[in-house]
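Observations on the model geometry
These are the residues of each chain, in order.
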Protein chains: 2
Amino acid sequence: MPKTPAPLYEQIRQLIVAALAAGEWRPGDMLPSEAALAQRFGASPGTVRRALDELTAENLVERRQGSGTFVSTHSAPRQQFRFLRLVADDGEQGFTRELLGCRRMRATAAIAHALGLRAAEPVIEVRRLLHRRGRPVVLDELWLPERHFEGLSADVLAQHPGTLYALFETRFGVHMVRAEEKLRAVAAAPEVAALLRVGEGEPLLCVERLAYTYGDRPVEFRRGFYYTSSDHYSNELN
Amino acid sequence: MPKTPAPLYEQIRQLIVAALAAGEWRPGDMLPSEAALAQRFGASPGTVRRALDELTAENLVERRQGSGTFVSTHSAPRQQFRFLRLVADDGEQGFTRELLGCRRMRATAAIAHALGLRAAEPVIEVRRLLHRRGRPVVLDELWLPERHFEGLSADVLAQHPGTLYALFETRFGVHMVRAEEKLRAVAAAPEVAALLRVGEGEPLLCVERLAYTYGDRPVEFRRGFYYTSSDHYSNELN
DNA sequence: CAGTGGTCTAGACCACCAT
DNA sequence: TGGTGGTCTAGACCACTGC
């Protein structure tokens, strides 16, 4: 236990996160004004503002002077490539998506462990390609706990025009908040090489991602193979 | 030009950065107290605090309740691996360093461009290996503008026990503030493979880094080859 | 023009650290 | 015990947005 109780602004931050998790405000919605929140939580406006500043830094909300504070949404254009760091060497970021498959399966040990599931719990597997300039550059395989994504199918995926995370948000109420990635260089296995149209054994960037929703609950495990001959993974350190 | 002048806290932030760049306070030094800074800049303590909060978020300073605000330093244990994201799969982070060479040369076009130098300006090249558990896992090659690192030599490098960035800071007054990295998977070239003791053509993670000092001036260009069989590059997205 | 967030101030009180 | 940063409050005024 902490010696001191968490500061008020942190308690308020957590209450707001809980409300977001409960769906009180959906992605894209406007939150009550600072004054209204201050009243609701019985704190001064400055303290509420501090809580909102933290949430802004975490990318959970977005503030627009003159209009209000809004719940972040992956449907916004700005969030399009929030978690996809592969950019073309000339700076281009766009991709076209090609769905390879979507099926129900039982979690492998590795997947269950990553997602915090019991062994062999049902998950949904999605496989797809991302193309740039007509060339496949990313092979993505991802696994989702079925209980959070009931009804996800190839049809649903095919009909949705936007990003996966935008779909998850609007259709399943699962908003991705942050992610951890592990990167490695690997040799292309035969099946992967064929899909990416590269030689077998060609070096690929293997990106494993664990994505979390509100309250730090992992809800997606993903493995991507990036072909980096004229693209690179871009990162900022500070 | 901005329609509105920058807010006061931002102006103060910039003044403090300028003072850091000028060496008024060196890494590890304590800054004047909030009250003293408020007096110096003719602002209220709250405004100075806001400026210091920004600098804290950028990792330029570090605040310790009860003792003061200090200039960040790469000599601190916490900063040991601030820019090195390669961790062993079991979480270990330590390395041992082996110097391969240090020489003066003229900047290639690529290096000059990255560092903002004129063509063929003199730079210092450093090459080294990082070992983990007795095995080489990183081959680093880096280039520094000679005018900022006059006197850097194999001897100087050999005698310094800590990280390169700690050395740059204490010996040359160059503090690294942030960096941009570009990652790719590549096949090991013969010379690289020999040094890392892997097969030729083995997939390696190629990490290009441009590191900046105060005022966003690039002062180091680096290329690393990471062997990622039981290590991975770890990244956080939000 | 009303409502929103953004800036800036002033000050009280607390927690922590060094001595 | 004195000095430091950390929290919280209260309120004034400004800038921007949308109706």
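Computed from a predicted model, the values in this text were never measured in an experiment.

1. Examining the overall build of chain A
A count of helical and extended segments in chain A gives seven helices and ten strands. With respect to the principal axes defined by its C-alpha atoms, chain A has extents near 65 × 45 × 40 Å. Contacts in chain A between residues far apart in sequence, at least 24 positions, make up 61% of those at least 6 positions apart. A distance of 3 Å separates the average location of the 31 positive side-chain charges in chain A from that of its 30 negative side-chain charges.

2. Here's the deal with the protein's contact with DNA strand D
Lining the immediate surroundings of DNA strand D are 21 residues, of which Leu8, Tyr9, Ser44 and Thr47 of chain A together with Gly66 of chain B lie closest. Among all atoms of DNA strand D positioned within 4 Å of the protein, those belonging to sugar or phosphate total 76%. One of the side-chain nitrogen or oxygen atoms of Arg50 of chain A is found 3.3 Å away from a phosphate oxygen of DNA strand D. A distance of 3.1 Å separates a phosphate oxygen of DNA strand D from a polar side-chain atom of Thr69 of chain B. Elements represented by at least two residues in the surface near DNA strand D include exactly helix 1 (8-21) and helix 3 (45-57) of chain A together with strand 1 (61-64) and strand 2 (68-71) of chain B.

3. Topic: the pattern of salt bridges
The full count for this structure, using the stated rule, is 52 salt bridges over all chains. For Glu208 of chain A, the salt bridge is made with Arg223 of chain A, and the minimal N-O distance between the two is 3.2 Å. Here Arg223 of chain A lies in strand 9 (residues 217-226) and Glu208 of chain A lies in strand 8 (residues 203-213), a separation of 15 residues in the sequence. Accessibility expressed as a relative area gives 21% for Glu208 of chain A, which makes it partly exposed. With relative accessibility at 24%, the residue Arg223 of chain A sits in the partly exposed group. One salt bridge connects Arg63 of chain B with Glu34 of chain B, and the closest N-O pair in it is separated by 2.3 Å. Residue Arg63 of chain B is found in strand 1, and its partner Glu34 of chain B is found in helix 2 (residues 34-41); the two are separated by 29 residues along the sequence. Judged by relative accessible area, which is 24%, Arg63 of chain B ranks as partly exposed. Connected through shared salt-bridge partners, Glu34, Arg49, Asp53 and Arg63 of chain A make up one network.

4. Thoughts on the protein's contact with DNA strand C
As a structural note, the neighbourhood of DNA strand C is formed by 21 residues, with Gly66 of chain A together with Leu8, Tyr9, Ser44 and Thr47 of chain B the closest of them. The contact atoms of DNA strand C, taken as those within 4 Å of the protein, divide so that sugar and phosphate hold 81%. Leu8 of chain B is positioned such that a nitrogen or oxygen atom in its backbone is 2.6 Å from a phosphate oxygen of DNA strand C. Secondary-structure elements contributing two or more residues to the surface near DNA strand C are strand 1 (61-64) and strand 2 (68-71) of chain A together with helix 1 (8-21) and helix 3 (45-57) of chain B. Of the residues in the surface near DNA strand C, the class split is five nonpolar, eleven polar and five charged.

5. Thoughts on the packing of aromatic side chains
Residue and element names in this part refer to chain A. According to the stated counting rule, one finds ten aromatic pairs over all chains in the structure shown. Plain terms: the ring middles of Trp143 and Phe221 are 5.8 Å apart, the flat faces sit at 25° to each other, and that makes the pair stacked. With Trp143 in strand 6 (residues 135-145) and Phe221 in strand 9, this residue pair connects regions lying 78 residues apart in the sequence. A relative accessible area of 6% means that Trp143 is categorised as buried. The buried category is assigned to Phe221, whose relative accessible area is 9%. Three or more aromatic residues joined by ring pairs make a cluster, and in this case those are Phe83, Phe149, Tyr165, Phe168 and Phe172.

6. Some points on the domain arrangement of chain A
Residue and element names in this part refer to chain A. Under the domain assignment, chain A is made up of domain 1 (8-71) and domain 2 (77-233). Placing the centre of domain 1 and that of domain 2 at their C-alpha centroids yields a distance of 30 Å. Taken together, the ten residues of domain 1 in the interface contact ten residues of domain 2. Summed over both sides, the interface of domain 1 with domain 2 buries roughly 720 Å², with 55% coming from carbon and sulfur. Linking domain 1 with domain 2 are one salt bridge, by the criterion used here. For the salt bridge of Glu62 with Arg78, the shortest nitrogen-to-oxygen distance reads 4.0 Å. On the surface where domain 1 and domain 2 come into contact, there are zero residue pairs in polar contact (both at pLDDT 80 or more). In terms of residue count, helix 1 provides more of the side of domain 1 that touches domain 2 than any other element does, three residues in total. In the side of domain 1 that touches domain 2, the residues fall into six nonpolar, one polar and three charged.

7. Concerning unusual backbone geometry
Its identity as a non-glycine residue notwithstanding, Arg197 of chain A has a phi of 55°, on the positive side. Structurally, Arg197 of chain A can be placed in the loop between helix 7 (190-196) and strand 8. Classification of Arg197 of chain A as exposed rests on a relative accessible area of 56%. Of note in the backbone geometry, Asp216 of chain B takes a positive phi value of approximately 60° without being a glycine. For Asp216 of chain B, a relative accessible area of 47% gives the class partly exposed.

8. Structural notes on the relation of the copies chain A and chain B
Both copies of the chain are related through a single rotation about an axis accompanied by a shift along the same axis. When chain A is fitted to chain B, the residual RMSD is 0.0 Å, and the transformation amounts to a turn of 180° plus an axial shift of 0.0 Å. Viewed as a symmetry operation, the transformation between the two copies matches a two-fold axis.

9. Thoughts on the side chain of His175 of chain B
All names here are of chain B. Following the sequence through the fold, His175 ends up in the loop between helix 6 (164-172) and strand 7 (176-187). Given a relative accessible area of 1%, His175 falls into the buried group. Polar side-chain contacts of His175 include one of 2.7 Å to the side chain of Glu169. Ignoring sequence-local partners within four residues, the contact set of His175 consists of Pro27, Ser72, Thr73, His74, Arg82, Glu169, Tyr212, Thr213 and Tyr214.

Rules of the game
- Residues numbered from 1 in each chain as written.
- Chains lettered and ligands numbered in written order.
- Predicted model: local features only at pLDDT ≥ 70, side-chain atom pairs only at ≥ 80, totals over all residues.
- Heavy atoms only, no water.
- Helix = DSSP H or I, 4+ residues; strand = E, 2+ residues; numbered from the N terminus.
- Contact = heavy atoms within 4.5 Å.
- Lys, Arg positive; Asp, Glu negative; His and termini not counted.
- Charge placed at Lys NZ, Arg CZ, Asp CG, Glu CD.
- Near = heavy atom within 4 Å.
- Polar contact = N/O pair within 3.5 Å; in protein donor to acceptor, adjacent residues only side chain to side chain.
- Salt bridge = Lys/Arg side-chain N within 4 Å of Asp/Glu carboxyl O.
- Buried < 20%, exposed > 50% of the residue type's maximum accessible area, 1.4 Å probe, protein only.
- Nonpolar A, V, L, I, M, F, W, Y, C, P; charged D, E, K, R; others polar.
- Phe/Tyr/Trp six-rings, centres within 6.5 Å; stacked < 30°, edge-to-face > 60°.
- Domains from an automatic or database assignment.
- Buried area = accessible area lost by both parts, 1.4 Å probe.
- Least-squares fit on C-alpha atoms with pLDDT ≥ 70 in both.

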